[in-house]
Structures are given as structure tokens and as C-alpha cells.
Amino acid sequence: MNFKITLIGGDGIGPEVTESARVVLEKIALVYNHSFKFNEALAGGCAIDACGKPLPEETLTACKESDAVLLGAVGGTKWDTYPGDKRPETAILGLRKQLGLFANLRPAKLFPTVLGDSPLRGDITEKGIDLIFVRELTGGIYYGERGRENKNGTTRAFDTETYTDSEIYRVGKYAFELAMQRRKNLVSVDKANVLESSRLWRETLHNLSREYPQVSYLDMLVDNAAMQLVKAPSQFDVIVTSNMFGDILSDEASVLTGSIGLLPSASVRNDLFGLYEPIHGSAPDIAGQNKANPIAAILSAAMMLKYSFSLFDEALSIENAVNTALSNGLRTADMFSASTKAVSTAEMTQHILEHIEKK
Ligand code: IPM
Ligand code: MG
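Parameters at a glance
- Residues numbered from 1 in each chain as written.
- Chains lettered and ligands numbered in written order.
- Predicted model: local features only at pLDDT ≥ 70, side-chain atom pairs only at ≥ 80, totals over all residues.
- Heavy atoms only, no water.
- Buried < 20%, exposed > 50% of the residue type's maximum accessible area, 1.4 Å probe, protein only.
- Helix = DSSP H or I, 4+ residues; strand = E, 2+ residues; numbered from the N terminus.
- Pairing = 2+ DSSP bridges.
- Right-handed = clockwise from strand over helix to strand, strands pointing away.
- Polar contact = N/O pair within 3.5 Å; in protein donor to acceptor, adjacent residues only side chain to side chain.
- Contact = heavy atoms within 4.5 Å.
- Salt bridge = Lys/Arg side-chain N within 4 Å of Asp/Glu carboxyl O.
- Near = heavy atom within 4 Å.
- Areas by Shrake-Rupley, 256 points an atom, 1.4 Å probe, with all protein chains shown as cover.
- Nonpolar A, V, L, I, M, F, W, Y, C, P; charged D, E, K, R; others polar.
- Core = buried A, V, L, I, M, F, W, Y, C linked by side-chain atoms within 4.5 Å.
- Domains from an automatic or database assignment.
- Phe/Tyr/Trp six-rings, centres within 6.5 Å; stacked < 30°, edge-to-face > 60°.

A.B. asks: Whenever I open this one, the pairing of strand β8 (residues 185-190) confuses me. Can you help?
C.D. replies: Every regular strand shows the same layout, with side chains that alternate between the two sheet faces. Buried residues dominate β8, accounting for 5 of its 6 residues. Two elements, β8 and strand β9 (residues 216-221), share 6 bridges in a ladder whose sense is parallel. Counted as the bridge partner of Leu186 is Tyr217 from β9. For the crossover that starts at β8, traverses helix α7 (residues 196-209) and ends in the parallel β9, the hand is right-handed. Bridging between β8 and strand β10 (residues 238-241) involves 4 bridges; their strand directions are parallel.

Below, the structure written as C-alpha cells:
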């Protein structure tokens, strides 16, 4: 099959890990006889430097003309003093919004080979962790009205959390459908004891739950969810939540599975198009040093194969190769410990490449 992929390396370690994912995709194309056409586009700080804005028109057009987008990471200390609406991060927010990617899937799965990398006690991890966040991605406080006011010598800043019932309904529906394909267990996370937007969230999810009697459904307050993720993560299958809560809780969940450097994500809508990116940031402190963990980006490419191209065997062969590298004891610096073998980005990528095979 033929697919067009836009690659957006971005900033910091973004270009390195995206390159790792690209060569893995090339290998898949070779082994399984597909053709992937890549085109590179700029977004984030590098786009500010090259053309004065974080999300150039050409980049958006390139994405719209592709079957899927693979993104590294954006942002860095160099642009940290830029005003809010000119920061590199606005590129990601713009891409999500303008491409209509309302659901962000963030799986946190504990590979059996990295049990020892989890900061949790063995009696907790032995029950397994295999959960997925469905984070609402184009609404909430990320996109609500914000600003500053000066009055009588006092400066006031505000950000607004807003949700419409239809925004909640479409992401809720996505989560219920996903739960149906998995262990049929859905937890919706909100702060309905305080926030009105959360009360609408809860009401909408309750109404939806009547359409899915086979799914066991539970509401959980976000503070409790933060605790439960550490205390008993095996209870979770699918977790649906707002943009902000999903941002925070998915970082928490990522570290339970060993390292944030392992976790991919998919930003999707109701057709096959998607944007795939590691959940980690641009890590400017280790950029260009061949130290970054390429696994999150490589697994993001696997999600692309699965969700946008319906190439399930191909996705599985990437996941297996990653698992092999980890069980062979290979670890990049973010996960290195005395009993493992420290490898560079390039060495990890090479090892994974060598283990990609057709089943
Ligand atoms: C993420 C990131 C982004 C977010 C930033 C870079 C804008 O933290 O994808 O989780 O907050 O959504
Ligand atoms: Mg985040």
C-alpha cells in the first residue's frame, strides 16, 4: 500500500527521534512491501527561526495533504521568553485544532521486560499495567479565553475552562467505542465537586453510558484518580478526561511504566487521519547528543500503522522488536541502571531495526 507521511521533527531531540522512527518505517516498507512517501515540514521554534512563526501555512497544507503526520517535539529554552501566543507550543495547539484532532490516545503499558524500571513496588506492578487515556484535545482550558488585566495597580490573569455538550459527547463516544474493543471498562475523570464544566462532562458521559450497557463505567474525581494511578493502576482500562487533566495524568502514568521515553501517542478524529507523537517533550538539555530514547517515537510510528493505515501485523512487528531490545537489556540514558546496557539513540534504533521481521 502507498501512504504519504508528513514528518515534523521540531526542536531539541525531536529531529533525532523522528529520524529513528522514519528509518523503522522504511524498514517496515521494505519487509512488508509498502511504499511510504515522506515529506518534511517545520513547526515550533525552528519554524520561528526560519520563517518567523511557529506554524507556517505550508506545514498545515502539507499535513492536510498527507495520510498521517509524525511529530517529534517542539519548544526549548531559547524561545521561553516569547509571549504566549508566539511560543513554539502554539504550533502543536494549532495543528491539533486546525486538523480537528479531538481525541488524544495515550497508552501506558508496562512491558514485562521493564518491570524493574517502574518506580512502583513489585506487588503493585505484578498485577500489570495496561491502560489508555482518551484525552480531549481541542477544547477546555487550553483553548478557552485567556488574558491579563491591570486595574488599580493589580494585575489579574485568567484562563477559562469551557466545554460544550457536543465536544464532550464526541470524545466520550470515542472512549466508549475504544472500551468496547478492549476490556470494557471506562473511568471518566473530572472535578465535578467544584467545576461546572465537569458537571456537564459527567452528565454527558452518564447519558452516553446508557448506550453502552456492556461497558462498566465509573466517575472518578481527578485528585483521587492521581492517587489511584499510583496505588492500583491495574484497575484501569480506558480513562477519558479533559485536555488539562489528561495532560497531567498521562505524564504521571508514563513514569509508572518505566520512563516517559517509552510512551507514544495518537491524536485522532473520526476518520483515519492522525498525528502521532511521543508524549515526552523536546529535552533541549540532551539534544544533539545521541542520548535520547527513540522508543516513544518508534512506538508512535507503530500507532500510525495501526490507527491510520490499518497495518496491524506491521505495527505488532515494531512492538515486538522494541520488546526484544528492552529484554536484551538495552537502555538509553533515561532508563539506565547497573544491570542494563547503556546505548545511544543510534544503537537502540539499529537494534530495533535488526529485529523487525515478517511474521
Ligand atoms: C503534551 C505537551 C503539550 C500539551 C505542550 C507541549 C503544549 O505537554 O502533548 O502533553 O500540553 O498538550
Ligand atoms: Mg504534556
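A.B. asks: Explain the side chain of Ser66 to me, please; I cannot follow it from the model alone.
C.D. replies: Topologically, Ser66 is positioned in the loop between α3 (57-64) and β3 (68-73). Among the polar contacts listed, one links the side chain of Ser66 to the backbone oxygen of Ala62, at a separation of 2.6 Å. Setting aside residues up to four positions removed in sequence, Ser66 forms contacts with Lys4, Ile5, Thr6 and Phe273.

A.B. asks: Help me understand the pattern of salt bridges, please; the structure alone is not making it clear to me.
C.D. replies: Two side chains carrying opposite charge are able to pair once their charged atoms lie near each other. The full count for this structure, using the stated rule, is 23 salt bridges. Between Asp237 and Arg183 there is a salt bridge, with its nearest N and O atoms 3.9 Å apart. With Asp237 in the loop between α8 (222-231) and β10 and Arg183 in the loop between α6 (165-181) and β8, this residue pair connects regions lying 54 residues apart in the sequence. Asp237 gets classed as buried once you look at its relative accessible area, which sits at 1%.

A.B. asks: Explain the site of ligand 1 to me, please; I cannot follow it from the model alone.
C.D. replies: In the vicinity of ligand 1, the contacting residues are Glu89, Arg96, Arg106, Arg135, Tyr142 and Asp247. Contacts to ligand 1 include Arg106, whose side-chain N or O atom sits 2.8 Å from an oxygen atom. Tyr142 places a polar side-chain atom, nitrogen or oxygen, 2.5 Å from an oxygen atom of ligand 1. When the free accessible area of ligand 1 is taken as 320 Å², the share hidden by the protein chains comes to 78%. Taken together, the residues of the shell around ligand 1 break down into 1 nonpolar, no polar and 5 charged.

A.B. asks: What exactly am I supposed to notice about the nonpolar core here?
C.D. replies: Side chains that are nonpolar tend, in soluble globular proteins, to be buried together. Core analysis: the biggest nonpolar cluster contains 88 residues, and Phe36 and Val134 have the highest contact counts within it. Looking at which element gives the most residues to this core, the answer is helix α10 (residues 295-307), with 9 residues. When we break this core down by domain, the ones giving at least three residues each are domain 1 (1-101 + 261-359) and domain 2 (119-256). The residues contacting Phe36, other than those within four sequence positions of it, are Phe3, Ile5, Leu25, Ile28, Ala29, Leu305, Phe309 and Leu311. Counting 16 residues, the second largest nonpolar core, distinct from the first, contains Ile8, Ala43, Leu71 and Leu95.

A.B. asks: What's the story with the packing of aromatic side chains in this structure? I'm lost.
C.D. replies: Within the structure shown, the criterion is met by 7 aromatic pairs. Aromatic side chains Phe102 and Tyr174 sit 6.3 Å apart centroid to centroid with 85° between the ring planes, which places their arrangement in the edge-to-face category. Within this pair, whereas Phe102 is found in the loop between α4 (89-98) and β4 (103-109), its partner Tyr174 is found in helix α6, the two being separated by 72 residues in sequence. By the burial criterion, Phe102 is buried, and Tyr174 matches it. A ring pair is formed by Tyr163 and Trp201, whose centres lie 5.5 Å apart and whose planes are at 65°; its orientation type is edge-to-face. Here Tyr163, found in the loop between β7 (154-159) and α6, pairs with Trp201, found in helix α7; they are 38 residues apart in sequence, far enough to count as distant. Residue classification places Tyr163 among the buried positions, given a relative accessible area of 9%. Put simply, the rings of Phe3, Phe36 and Phe309 pair up and form one aromatic cluster.

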